[in-house]
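So you can see what is in the structure, the chains are spelled out below.
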Amino acid sequence: MRKLLKFIAVPVTLAFVVLFSAALPMVQSASAEPPRSAQEQVKAGEQIYRNGILPSGQPMQAFVKGDVPVSGTAFSCASCHLRSGIGSVEGGVVTPPTNGELLFKPVQVYYKGTEQKFFPFPPRRAAYDEKSLAEAIRDGKNPDGVVLNDVMPRYQLGNEDMNILVSYLKTLSSQLPPGVTDSSIQFATVIAEDVPVDVRDAMLEPLQRYVDNKNSQAEFYKSPRGNRSRLMVEKMFTSKELSTRKLGLSQWVLKGSPETWRSQLEEYYRKEPVFALLGGVVNSEWQIIHRFSEENKIPCLMPQTDLPVISDTDWYTLYSSKGYYQEGEAAARYLNSRQDISPARPIVQIVRESREGKELSAGFTDTWRDLERREIVTVNLKGNETITNSFIERLLAEKKPAAVILWDGPDIKGALTFIAADKQKPELVFVSSRYLGKQILAVPEQARDITYVTYPYSFAQKVINSAMGKIAVEDESKFIINAKDFSVRDRVQNARLNSNSISQLVTMALMEMRGNYFRDYFLDVIGMAPDQTSPLFGRLSFGPGQRYASKGCYIVQITKGAEPEIVRKSPWVIN
Ligand code: HEC
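Each value, and the rule that gives it
Residues numbered from 1 in each chain as written. Predicted model: local features only at pLDDT ≥ 70, side-chain atom pairs only at ≥ 80, totals over all residues. Heavy atoms only, no water. Helix = DSSP H or I, 4+ residues; strand = E, 2+ residues; numbered from the N terminus. Buried < 20%, exposed > 50% of the residue type's maximum accessible area, 1.4 Å probe, protein only. Pairing = 2+ DSSP bridges. Axes fitted to C-alpha atoms, helices over the stretch in contact; angles between N-to-C directions. Near = heavy atom within 4 Å. Polar contact = N/O pair within 3.5 Å; in protein donor to acceptor, adjacent residues only side chain to side chain. Nonpolar A, V, L, I, M, F, W, Y, C, P; charged D, E, K, R; others polar. Donors = N, O, S within 2.8 Å, 3.2 Å for Na, K, Ca; no water. Tetrahedral: all angles 85-135°; square planar, octahedral: opposite > 155°, others 65-115°. Patch = residues over 30% accessible without salt bridge, like charges linked within 9 Å, V, L, I, M, F, W, Y side chains within 5 Å. Areas by Shrake-Rupley, 256 points an atom, 1.4 Å probe, with all protein chains shown as cover. Salt bridge = Lys/Arg side-chain N within 4 Å of Asp/Glu carboxyl O. Arc of directions from axis to C-beta. Contact = heavy atoms within 4.5 Å. Core = buried A, V, L, I, M, F, W, Y, C linked by side-chain atoms within 4.5 Å. Domains from an automatic or database assignment. Phe/Tyr/Trp six-rings, centres within 6.5 Å; stacked < 30°, edge-to-face > 60°. Lys NZ or Arg CZ within 6 Å of the ring centre and 35° of its normal.

Draft legend 1. Expanded view of the overall build of the chain. Helix and strand counts for the chain stand at 18 helices and 24 strands. Buried residues in the chain amount to 50% of all 575 residues.

Now the structure itself:
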């Protein structure tokens, strides 16, 4: 029946459709276009709002500064009002909120999504309704007839597309998410049961300490004794309601094999909704938890992993770095920058069949391809296969490579010795310091002048006194350090440093959010955060939608002799 109606509805006149559908109200929307479900409608609105793409697949059209035509893909609503719709203040331009909760109310003056009642102005505008909202978007007029600043483009939207966008705005950041109540924000951290206790504790302790401190402060502010301090703090910070709010941190312990983790996560979440996940540590890839976060739209801040998911489009998990993948990228960039390396000879990549080897090689291969360089010859090593002299001899004689990239673990001494001794030795060899673990001096003396090591951490540190106590910062002036001081950091130390950075980031984000505890806004705010020093990576830098906070990696070499030194061969970010 429905199929038939659709079939005849295409060629008939409008009058006929109206008549026909009036007689059969059940199938009112039968037309050339199948009716959208409520969910599809929201998806279509999201696509307009975030990417400037209309349901027809065409870019939305707009005018800026009066009459300059622009494409909505470059001027998507989200690019100014943010993904959450809470808006921002940048360079003196206030981009007001356009989220469901606030549009349909009269407002005073907003600053980053918070109503500023103390401003001595009359209300900024009356409440929007669907009609006036369409007028604002098309013609740049607010409900009081005031013309909006021409930074806000004027969009040419048909009625149907406008309806879709307006219904999306109604749902956008309209309700606080699970895990947030009037008095608390709940977080969780995910830990696999088989993670060594010292690593787990090092990851947990800074997060727990942060939550405990915040909560005892909130207790104090609520007490009669703390009342005056509370008033003072509330005057100083615009994030008033945060002072007495409690935070919770649960541990979601994953047991058994990774195939069962997803259902365990869903079960934890069903029993106890959380606003976001903080840190977390497992022994394998982060993939399963990444998918869980993405599909449930739960932010996850800097899990302790060197095996993150590499994606340009996923939104919810923010990693401290791309891990092994990033070292592979850095090696490719550095090699590309070396004009002196013969471009005619091939690059040979020897890759151990392991998670680490796979990621290093993917980072190298993807980047090399993006740089439009020649094909790479890749040779895979089985899990326990040893590299023999004849293997190296044959490979070098056959391929005559300009460079050998050796993505293998701590046991590389033999391979490097064979390569260095070969008549056909390459101009350079790459190894990964993360994969070598603590064995950086395992690079044998005779191979040191051709061996380059990717090193993703802060190179050298000095300790300074700051308002927050002693902190370690990168000492940019150091290019050479004694190899004995040069330890590739271990998992315990990394976990602690990483969790310290998370606490700083959460403190900043919650204050910036000023009561708008929406998950997308949490990530929007972090996307606008200034760079932070990190004792682990030197620097963490953020940007809208960027999901890997440490952008760099050094390339180093080790000198020969009784007092070997590590020499920096590249800047932190290699382009
Ligand atoms: C280039 C940045 C930019 C883009 C893109 C943009 N806006 Fe705006 N928008 C602004 C600014 C700035 C204002 C405030 C203008 C003023 O105060 O006069 C504003 C105001 C508004 C208002 C009025 C809010 C109020 O409280 O009166 C609405 C509604 C709005 N925008 C919706 C949208 C929608 C929907 C889109 C996408 C279709 C969009 N904006 C795209 C910058 C932008």
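Here the narrative resumes, following the displayed structure.
Draft legend 2. Focus on the sheet that holds strand E1 (residues 61-64). With antiparallel pairing, the three strands of this open sheet are ordered in space as E2-E1-E7. With one partner strand each, in any of the chains shown, strand E2 (68-71) and strand E7 (154-156) form the two edges of the open sheet. Within the sheet, the average angular offset between the axes of one strand and its neighbour, ignoring direction, is 35°. Note: E1 against E7, three bridges, orientation antiparallel. If you follow Gln61 over to E7, its bridge partner there is Gln156.

Draft legend 3. A look at the site of the ligand. Neighbouring residues of the ligand: 24 residues in total, closest Cys77, Cys80, His81, Arg125 and Met152. Taking His81, its side chain carries an N or O atom lying 2.8 Å from a nitrogen atom of the ligand. Between the ligand and Arg125, the relevant distance is 2.7 Å, taken from an oxygen atom to a side-chain nitrogen or oxygen of the residue. Taken together, the elements giving at least two residues each to the shell around the ligand come down to helix H4 (77-81), strand E4 (93-95), helix H6 (130-139) and helix H7 (159-171). Of the residues belonging to the shell around the ligand, the class tally is 17 nonpolar, five polar and two charged.

Draft legend 4. The coordination of the iron atom of the ligand, seen in detail. At the metal site, the iron atom of the ligand is ligated by His81 (NE2) and Met152 (SD), and these contacts range over 2.0 to 2.1 Å. One way to put it: the six donor atoms around the iron atom of the ligand meet at angles of 86 to 178°, and that makes the site octahedral. Within this pair, whereas His81 is found in helix H4, its partner Met152 is found in the loop between H6 and E7, the two being separated by 71 residues in sequence. Note on His81: relative accessible area 10%, which makes it buried.

Draft legend 5. Geometry of a nonpolar patch on the surface. Taken together, the side chains of Met236, Phe237 and Met511 make up a nonpolar region of the molecular surface, amounting to roughly 280 Å² of accessible area. Note on placement: Phe237 falls in the loop between helix H9 (227-236) and strand E9 (246-254).

Draft legend 6. Expanded view of helix H10 (residues 261-271). Taken as a whole, H10 has its buried residues at Trp261, Gln264, Leu265 and Tyr269. Taken end-on, H10 shows its buried residues confined to a sector of 135°, consistent with a single buried face. Turned more than 90 degrees off the buried face of H10, the exposed positions are Arg270 and Lys271. Residues of H10 that are buried in the fold lie against strand E8 (184-192), E9, helix H11 (287-296) and helix H18 (519-527).

Draft legend 7. Broad picture of the side chain of Ser499. Counting through the fold element by element, Ser499 comes out in helix H17 (residues 491-513). From its side chain, Ser499 meets the backbone oxygen of Met203 in a polar contact 2.6 Å long. Ser499 has contacts with Ala202, Met203, Pro206 and Leu207, leaving out every residue within four places of it along the chain.

Draft legend 8. Looking closely at the nonpolar core. Ranked by size, the top nonpolar core spans 95 residues in total, and within it Leu277 and Leu510 carry the most contacts. No other element matches H17, which puts eight residues into this core. A domain-level breakdown of this core finds at least three residues from each of domain 3 (184-319 + 493-540) and domain 4 (324-455). Residue contacts for Leu510: discarding those within four places in its chain leaves Ile185, Tyr210, Ser239, Leu242, Leu247, Tyr517 and Phe522.

Draft legend 9. Local environment of the packing of aromatic side chains. All chains considered together, the criterion is met by 17 aromatic pairs. Taking the centre distance of 6.1 Å and the plane angle of 80° together, the rings of Phe187 and Phe275 count as edge-to-face. Pair noted here: Phe187 is in strand E8 and Phe275 is in the loop between H10 and strand E10 (276-278), with a separation of 88 residues, a long-range link. Here Phe187 matches Phe275 in class, with each residue buried. The interplanar angle of 5° and the centroid separation of 5.6 Å between the aromatic rings of Trp252 and Tyr268 together place this pair among those described as stacked. Pair noted here: Trp252 is in strand E9 and Tyr268 is in helix H10, with a separation of 16 residues, a long-range link. Positioned above the aromatic ring of Tyr548, the side-chain terminus of Lys322 is 5.4 Å from the ring centre. Sitting over the face of the ring of Tyr324, Arg434 holds its NZ or CZ atom 5.8 Å from the ring centroid.

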